[in-house]
Amino acid sequence: MHTALLAAALLVGCLLAVQASANLQLNSAVGTPYGASTLQLGVATGLLTVLALAAGALGALGRLPDVEGWMLLGGLASPLYITSGILLFPRLGALAAVGLFVTGQMFASLALDLFGLLGLERRAPSAGVVLGAVGVLAGIVVIIRAQRAAGPAGGPAISRAGRLGWPALGVLAGAVLPVQGAVNARLRARLEEPLAVAVVSFAVATFAIAVVLLVLYATRRTPKPQVAPLRQMPWWGWLGGACAAAYVTGTFLLIPAIGAAVTVALTVTGQQLTSALIDHGGLFRLPRRALTGPRATGLGLLLAGSLAIQLA
């Protein structure tokens, strides 16, 4: 049984890489990344609501009036993460984008622990954690440099400013995920129902990105979302919402069973390995980026560093 739970954690991590790849098809069909993010988050919210209803967890939402307002804002991280994936995957490749997400995630987690932010217990970093952080940072640097040396691989051209801006966006998008987790943990302590917390988080996320879409459309900074092209979209283009719902549900169920550190380590590992496979094979209609020696070295450093941080 324990082995099956470990395999499930690895699979849940794989779904994150698939989610970002599938969302690119939504973006191509809808015509705007903000519209694609709104649609994907709406699908995930619907799926989680049905699941929470079946589990009898929606009654916990009656406690929301007694919750501090900031505890409802964890969902704001999801639109940034999802939209960043849509923007970064075709430009940087799955492996580089996921590596940046992991880098931001790991260093934000360290900051939360080091300073005891958002009600978390304050923890001094161990030697293993420091070495792991160095490994993660070295891994993403190797991957980004190897990609620049290889030149374009069929994705959009990147300007000189974009060479700094896009990686910075990737690190920021990864960094908000641990903050989201910490905020949602405080909300879970109040609502006492993990699925109800997931519904709230995704509902807030959907509302936030929908407002952004409306504002950008009203100011003519993004085109009007298209609906008709969705009929020609491949079926797997809809998997983003299902993957997001499965990830949230899976992590809530796995953390009490096998522990937070093991769950995070395995999900991050699955995410990185799947992104490398997507890049190498050009899956999900992404530009093919072969797993060269330097990129494989960077992947190894990322894996070793993230595992060291979570298991130290």
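If you're wondering where the values come from, they're calculated on a predicted model, not measured in any experiment. (Residues numbered from 1 in each chain as written. Predicted model: local features only at pLDDT ≥ 70, side-chain atom pairs only at ≥ 80, totals over all residues. Heavy atoms only, no water.)

Student: Would you explain helix 1 (residues 2-30) in this entry?
Tutor: Because an α-helix completes one turn every 3.6 residues, residues spaced three or four positions apart along the sequence face the same direction. With 29 residues, helix 1 extends 42 Å from end C-alpha to end C-alpha; this agrees with the ideal 42 Å at 1.5 Å per step. The positive-phi residue at the C-terminal boundary of helix 1 is G31, with phi of around 90 degrees. (Helix = DSSP H or I, 4+ residues; strand = E, 2+ residues; numbered from the N terminus. Expected span 1.5 Å × (residues − 1).)

Student: What is the right way to look at the nonpolar core in this model?
Tutor: Most often, soluble globular proteins keep nonpolar side chains buried together rather than apart. Among the nonpolar cores identified, the biggest contains 64 residues, and F89, L187, L191 and F202 are the most heavily contacted of them. For this core, the element with the most residues is helix 7 (residues 194-218), which contributes 10 residues. In contact with L187, other than residues within four places in its own chain, are L64, V67, M71, L72, V197 and V200. Counting 5 residues, the second-largest nonpolar core is a separate cluster that includes A9, V12, L254 and L266. (Core = buried A, V, L, I, M, F, W, Y, C linked by side-chain atoms within 4.5 Å. Buried < 20%, exposed > 50% of the residue type's maximum accessible area, 1.4 Å probe, protein only. Contact = heavy atoms within 4.5 Å.)

Student: Which parts of the structure should I look at to understand the side chain of T103?
Tutor: By the element assignment, T103 lies in helix 4 (residues 94-115). Of the polar contacts made by the side chain of T103, one reaches the backbone oxygen of G99; its length is 2.8 Å. Apart from residues lying up to four places away in sequence, T103 is in contact with V136, I140 and L302. (Polar contact = N/O pair within 3.5 Å; in protein donor to acceptor, adjacent residues only side chain to side chain.)

Student: Help me out: how do you make sense of helix 4 in this one?
Tutor: Relative to the 32 Å expected for 22 residues at 1.5 Å per residue, helix 4 spans 32 Å between its end C-alpha atoms, a close match to the ideal helical length. Count one or two residues on from helix 4 and you reach G116, which has phi positive near 60 degrees.

Student: Even after reading the chapter, I still don't get a nonpolar patch on the surface, so can you show me in this structure?
Tutor: Together, W70, L73 and L76 make up an exposed nonpolar region whose accessible area comes to about 280 Å². Mapped onto the elements, W70 comes out in the loop between helix 2 (33-54) and helix 3 (77-92). (Patch = residues over 30% accessible without salt bridge, like charges linked within 9 Å, V, L, I, M, F, W, Y side chains within 5 Å. Areas by Shrake-Rupley, 256 points an atom, 1.4 Å probe, with all protein chains shown as cover. Salt bridge = Lys/Arg side-chain N within 4 Å of Asp/Glu carboxyl O.)

Student: How do you make sense of the packing of aromatic side chains when you look at a structure like this?
Tutor: Aromatic ring pairs are described here by two measures, namely the spacing of the ring centres and the angle between the planes. Taken as a whole and judged by the stated rule, the model has 2 aromatic pairs. Seen from their ring centres, Y81 and F101 are 4.8 Å apart, and the 50 degrees between their planes marks the pair as tilted. Within this pair, whereas Y81 is found in helix 3, its partner F101 is found in helix 4, the two being separated by 20 residues in sequence. Here the two residues Y81 and F101 agree in accessibility, since each one is buried. Their ring planes at 70 degrees and their centres at 5.1 Å tell us that W236 and F284 sit as a pair that is edge-to-face. Of this pair, W236 sits in the loop between helix 7 and helix 8 (239-258) while F284 is found in the loop between helix 9 (260-281) and helix 10 (293-311), placing the two residues 48 residues apart along the sequence. (Phe/Tyr/Trp six-rings, centres within 6.5 Å; stacked < 30°, edge-to-face > 60°.)

Student: What is the right way to look at unusual backbone geometry in this model?
Tutor: Leave glycine aside and you will find that most residues have negative phi; peptide bonds, for their part, are mostly trans. Even without being a glycine, E192 presents a positive backbone phi close to 65 degrees. Of note, R220 is a non-glycine position whose phi angle comes to about 60 degrees, a positive value.

Student: Teacher, can you tell me more about the packing of helix 2 against helix 7 here?
Tutor: A packed helix pair is summarised by two numbers, namely the angle formed by the two axes and the spacing between the axes. Running from amino to carboxyl end, helix 2 crosses helix 7 at an angle of 155 degrees, the nearest separation of the two axes being 8 Å. Classified by the interaxial angle, the pair formed by helix 2 and helix 7 is roughly antiparallel. Pair helix 2 / helix 7 crosses with left-handed handedness. Contacts between helix 2 and helix 7 involve Y34, G35, S37, T38, L41, G42, A44, T45, L48, T49, L51 and A52 from the former and L195, A198, V199, F202, A203, A205, T206, I209, A210, V212, L213 and L216 from the latter. Of the residues contributing to the contact of helix 2 with helix 7, the split by class is 17 nonpolar, 7 polar and no charged. (Axes fitted to C-alpha atoms, helices over the stretch in contact; angles between N-to-C directions. Parallel < 35°, antiparallel > 145°, perpendicular 65-115°, else oblique. Left-handed = near helix turned anticlockwise from the far one by under 90°. Nonpolar A, V, L, I, M, F, W, Y, C, P; charged D, E, K, R; others polar.)

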